[in-house]
Amino acid sequence: MINVCDLQVMKPLLAAHGFHFSKAKGQNFLIASWVPEQIALDSGMDSHTGVLEIGPGIGPLTQQLCLRAGKVCAVEVDTRLKPLLQETVGEFENLEILWNDVLKLDIPAYVNEKFSGLRPVACANLPYYITSPILTALLEADCFDQVTVMVQKEVAQRMAAKPGTADYSAFTVFCQYYAEPEPLFDVPAHCFLPQPKVTSAVITLHMRKERPWDIKDRDIFFRTVRASFAMRRKKLSNGLASGFPQLGKSGAAQVIAACGFDENVRGETLGIAEFSRLSNEIACRL
């Protein structure tokens, strides 16, 4: 197995295949071998695990996953990487590569087909520009035991934020509705080629087996959350009135009072349980 994180190996390999980094695809390849090793270790995978990897690149994380997991299915959109991956991970019999856009994939059906009898997990070094859509797809697929991703550090902080903090957002609530986030470690910019302008972080999302909230309408719940953060410097009633015009300001105030909240409450201070109460009250009035 060749060490693709070694610049003395990587640069000649890329040159031999005439490969150039694509800014449009947000390509930054790892040049620190401890990072993929640590991701694979912290992911807790073994021979009973099936891993969906998003964007293998030239395969540093893929190698480490294949060494530990029962099966790895890597989804890659950049077909220029075919000959490189043949060299770097072609030896692994427990690996399949799907040349496709993961956002066009029926993820639950694919996982069910490929990982029968295995504990399904997802793992990825996500391009910064498309982090949210891919994370959304992985979480909404609702078919994994856990999802471990490397993202921009600020995104990881938002995913794991607590109510009332500056990083807490509608995206936080979305992530924590589906999973319990566990931040793992930071990855400095110098661990990549080309070097990005930001620090990355690895975080695991442990998917919830149960969601202990009595939410009557999930669409209204997430609409309530988005409305609550739309005007985060103003009172919650303003956001709800804007997000649900049928309520108006007086109706929004009535919803807040019916839930037992102070009239001056701000959405950024509420947790999922409080948002579920709000959304259930709104659902009764629409």
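Residues numbered from 1 in each chain as written. Predicted model: local features only at pLDDT ≥ 70, side-chain atom pairs only at ≥ 80, totals over all residues. Heavy atoms only, no water.

### Thoughts on the packing of helix α10 (residues 236-243) against helix α11 (residues 248-258)
It is at 8 Å that the axes of α10 and α11 come closest, and there the two elements cross at 120 degrees. Viewed along their axes, α10 and α11 adopt a mutual orientation that is oblique. Pair α10 / α11 crosses with right-handed handedness. Each of L236, S237, N238, L240 and A241 in α10 lies in contact with α11, whose residues at this interface are G248, K249, A252 and I256. Among the residues forming the contact of α10 with α11, the class breakdown is five nonpolar, three polar and one charged. (Axes fitted to C-alpha atoms, helices over the stretch in contact; angles between N-to-C directions. Helix = DSSP H or I, 4+ residues; strand = E, 2+ residues; numbered from the N terminus. Parallel < 35°, antiparallel > 145°, perpendicular 65-115°, else oblique. Left-handed = near helix turned anticlockwise from the far one by under 90°. Contact = heavy atoms within 4.5 Å. Nonpolar A, V, L, I, M, F, W, Y, C, P; charged D, E, K, R; others polar.)

### So, the packing of aromatic side chains
Following the criterion strictly, the structure yields 15 aromatic pairs and no others. Ring centres of F19 and F21 lie 5.9 Å apart, and the angle between their planes is 80 degrees; on these two criteria the pair is classed as edge-to-face. Using a relative accessible area of 7% as the deciding quantity, one classes F19 as buried. The class for F21 is partly exposed, based on a relative accessible area of 29%. One aromatic cluster in this structure is built from F171, F174, Y177, Y178, W213, F221 and F222. (Phe/Tyr/Trp six-rings, centres within 6.5 Å; stacked < 30°, edge-to-face > 60°. Buried < 20%, exposed > 50% of the residue type's maximum accessible area, 1.4 Å probe, protein only.)

### With respect to helix α9 (residues 218-230)
Helix length check: α9 (13 residues) gives 18 Å between terminal C-alpha atoms against 18 Å at 1.5 Å per residue, within 8%. Within α9 the residues assigned to the buried category are I220, F221, F222, T224, V225, A227, S228 and F229. Buried residues along α9 sit in contact with α8 (170-178), α10 and α12 (272-285). Sitting at the amino-terminal end of α9 is D217, which places a side-chain oxygen 3.0 Å from the backbone nitrogen of D219. (Expected span 1.5 Å × (residues − 1). Polar contact = N/O pair within 3.5 Å; in protein donor to acceptor, adjacent residues only side chain to side chain.)

### Observations concerning the pairing of strand β5 (residues 119-125)
Most of β5 is tucked away, with five of its seven residues classed as buried. Summarising the sheet, strand β2 (residues 49-54) and β5 pair through six bridges and their orientation is parallel. Its bridge partner being in β5, G50 is matched across the sheet by P120. Of the strand pairs in this sheet, β5 and strand β6 (residues 146-152) are connected by five bridges, and their pairing is parallel. For A122, the partnering residue across the bridge sits in β6 and is V147. In terms of handedness, the path from β5 via helix α6 (residues 131-141) over to β6 forms a crossover that is right-handed. (Pairing = 2+ DSSP bridges. Right-handed = clockwise from strand over helix to strand, strands pointing away.)

### A look at the pattern of salt bridges
Side-chain pairs of opposite charge can arise whenever the charged atoms involved come near each other. Counting across every chain of the model gives nine salt bridges. Of the charged contacts, one joins E281 and R285 as a salt bridge, the two residues approaching to 2.9 Å between their closest N and O atoms. Of this pair, E281 and R285 both sit in helix α12, separated by four residues, roughly a single helical turn. (Salt bridge = Lys/Arg side-chain N within 4 Å of Asp/Glu carboxyl O.)

### Some words on the environment of I215
Tracing the chain through its elements places I215 in the loop between β9 (200-207) and α9. Distance in space between the C-alpha atoms of I215 and C66 is 39 Å, their sequence separation being 149 residues. In contact with I215, not counting residues within four places along its chain, are Y177, F221, S276, S279 and N280.

### Here's the deal with the side chain of Q64
One can find Q64 in helix α3 (residues 60-68). Within the structure, Q64 has its side chain in polar contact with the side chain of R68 (distance 2.8 Å). Among all residues touching Q64, those that are not within four sequence positions of it are M1, P36, E37 and A40.

### Section: the state of the cysteines
One pass over the full model with this rule turns up zero disulfides. The thiol of C123 is unpaired, and the distance to the nearest cysteine sulfur, on C66, comes to 11 Å. Between C143, a cysteine without a disulfide, and C73, which holds the nearest cysteine sulfur, the sulfur-to-sulfur distance is 12 Å. (Disulfide = S-S within 2.5 Å.)

### Description of the nonpolar core
The biggest cluster of nonpolar side chains holds 64 residues, and the ones touching the most others in it are L52, I107, F144 and L278. Non-local contacts of I107, meaning those with residues more than four positions away in its chain, are made with L52, V102, A137, L138, A141, C143 and F144. One finds I58, V187, C191 and V202 within the second-largest nonpolar core, a separate group that totals 35 residues. (Core = buried A, V, L, I, M, F, W, Y, C linked by side-chain atoms within 4.5 Å.)

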